[in-house]
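One letter stands for each residue in the lines below.
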Amino acid sequence: MTDPKIILGTTNIKKLDLLAKKKPQSILIYSKRGLGVNVASSYYAKKIKGIVNNIYPTDIDGNTDIKRGTIKISQIRDLIKHSQNFSKENVITIINYADKMQESAQNSFLKLLEEPIENHYIVLTSENKGALLNTILSRVQEIELKSPSKLEFDKLFDIEKTKDEKKNQQIKFIANNRPYKLIELKDEDNLNHNLEIFMDARKFINEITVDSFKLIKKYSEKKEDLLELLDAILIILNSLMIKKPSRELSDKILLCIDVIKKIENQKNAKIQLLRLMI
């Protein structure tokens, strides 16, 4: 397994080490998609030492489903119930992808923040902190992960690269300086899934056709896939901007960023995608 210090980079490791010395009761580790919030939370938990209790989004059957699952009020109620029996040893509860907590779960979770238990440390992670209630954000100490330097990313790429040069170039372009995304793309199914999304993104950018409306239908009802499509569109637009800057591309990039924010905040997906087509 790759050293978390290489994945997270020097700047983020220094932030986490400093925070671990202070040991605040509750923190939120957040970033844009693909930087490794889960790697950061595990690293932080090891630094402050204790029994680690992970909570993940689940599907309706209770199986872990990070992509499309939610964190339900029943999970939070169980946590509150069991937290009353925590021993004197440190317990670190990591709520992975906390932005996927249902609103009722978030309201219930506030009890743990308002009535902290000694030796119980709470770590929230999120790639969309705007989906968290302000009442939660006001009660946690935030730490934002930053993208690694080009030198750090290239070092990780050299460690993780395959013997297939074409595949390496595909992975590097899609990862776009996101270290955890780079590691995920080593999985063949994950890479193929992302290649399909990037092909769709290029179709969406190139011209408005009947296929464009088919893509809207394909992606508008699967939020996680839609956000991956928009990330792909943004990566392609930025690469085009580097090669041949223009006001039109600049405006399109700003519009795409705005569309991503609105979709993250539960705005109508079809309407937002149509904005990109105009």
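Fair warning: this is a prediction, and the values are worked out from it, not measured in the lab.

The next point concerns the nonpolar core. Among the nonpolar cores identified, the biggest contains 59 residues, and Ile29, Leu230 and Ile233 are the most heavily contacted of them. Broken down by element, this core gets its largest block of residues, ten residues, from helix H12 (residues 223-243). Sequence-distant contacts of isoleucine 233, defined by excluding residues within four places in its chain, comprise Ala201, Phe204, Ile205, Cys256 and Leu276. Counting residues in hydrophobic clusters, the runner-up holds 21 residues, among them Leu28, Ile55, Ala98 and Leu112.

Another aspect to go through is the packing of helix H8 (residues 165-175) against helix H10 (residues 188-206). Where H8 contacts H10, the axes come no closer than 11 Å and their chain directions differ by 65 degrees. Regarding the angle of H8 to H10, the classification is roughly perpendicular. Crossing handedness for the pair H8 and H10: left-handed. Residues Lys167, Gln170, Ile171, Phe173 and Ile174 of H8 form the contact with H10, whose own contacting residues are Glu188, Leu191, Asn194, Leu195, Phe198 and Arg202. Taken together, the residues of the contact of H8 with H10 break down into six nonpolar, two polar and three charged.

Here we come to the sheet that holds strand S3 (residues 91-95). Read from one edge to the other, the open sheet built from five strands follows the order S2-S3-S4-S1-S5, with strand pairing classed as parallel. The strands lining the two open edges of the sheet, one partner per strand, are strand S2 (51-55) and strand S5 (141-144). The mean inter-strand angle of the sheet, taken between neighbouring strand axes irrespective of direction, is 20 degrees. As paired strands, strand S1 (residues 26-30) and S5 are joined by four bridges and run parallel to one another. By the bridge assignment, leucine 28 is partnered in S5 with glutamate 142. Set on the sheet, helix H3 (residues 37-48) makes contact with S1, S2, S3 and strand S4 (120-126); between it and S4 the angle comes to about 165 degrees.

One pass over the full model with this rule turns up 22 salt bridges. Ionic pairing is found between arginine 275 and aspartate 258, a salt bridge with its closest N-O pair at 2.9 Å. Taken together, the residues arginine 275 in helix H14 (residues 269-277) and aspartate 258 in helix H13 (residues 247-264) connect sequence positions 17 residues apart. Look at aspartate 258 and you get partly exposed, because its relative accessible area is 25%.

A separate point is the packing of aromatic side chains. Summed over the entire model, instances satisfying the criterion amount to one aromatic pair. Seen in terms of ring centroids, phenylalanine 173 and phenylalanine 198 are 5.9 Å apart; in terms of plane orientation they differ by 70 degrees. Their pairing is edge-to-face. One end of the pair, phenylalanine 173, is in helix H8; the other, phenylalanine 198, is in helix H10, with 25 residues separating them in the sequence. Judged by relative accessible area, phenylalanine 173 falls into the partly exposed class, the value being 31%. Take phenylalanine 198: its relative accessible area is 6%, and that puts it in the buried class.

Attention shifts here to the environment of alanine 20. Within the fold, alanine 20 resides in helix H2 (residues 10-22). With relative accessibility at 10%, the residue alanine 20 sits in the buried group. With 23 residues separating them along the chain, alanine 20 and tyrosine 43 place their C-alpha atoms 9.8 Å apart. The contact partners of alanine 20, leaving out residues within four places of it in the chain, are Tyr44, Lys47 and Ile48.

Where H10 meets H12, the closest approach of the two axes is 8 Å, and the angle between their N-to-C directions is 60 degrees. Here H10 runs over H12; the crossing is right-handed. For the pair H10 and H12, the contacting residues are His193, Asn194, Ile197, Phe198, Asp200, Ala201, Arg202, Phe204 and Ile205 in the first and Asp225, Glu228, Leu229, Ala232, Ile233, Ile235, Ile236 and Leu237 in the second. A per-class count over the contact of H10 with H12 returns eleven nonpolar, two polar and four charged.

What counts and what doesn't
- Residues numbered from 1 in each chain as written.
- Predicted model: local features only at pLDDT ≥ 70, side-chain atom pairs only at ≥ 80, totals over all residues.
- Heavy atoms only, no water.
- Core = buried A, V, L, I, M, F, W, Y, C linked by side-chain atoms within 4.5 Å.
- Buried < 20%, exposed > 50% of the residue type's maximum accessible area, 1.4 Å probe, protein only.
- Helix = DSSP H or I, 4+ residues; strand = E, 2+ residues; numbered from the N terminus.
- Contact = heavy atoms within 4.5 Å.
- Axes fitted to C-alpha atoms, helices over the stretch in contact; angles between N-to-C directions.
- Parallel < 35°, antiparallel > 145°, perpendicular 65-115°, else oblique.
- Left-handed = near helix turned anticlockwise from the far one by under 90°.
- Nonpolar A, V, L, I, M, F, W, Y, C, P; charged D, E, K, R; others polar.
- Pairing = 2+ DSSP bridges.
- Salt bridge = Lys/Arg side-chain N within 4 Å of Asp/Glu carboxyl O.
- Phe/Tyr/Trp six-rings, centres within 6.5 Å; stacked < 30°, edge-to-face > 60°.

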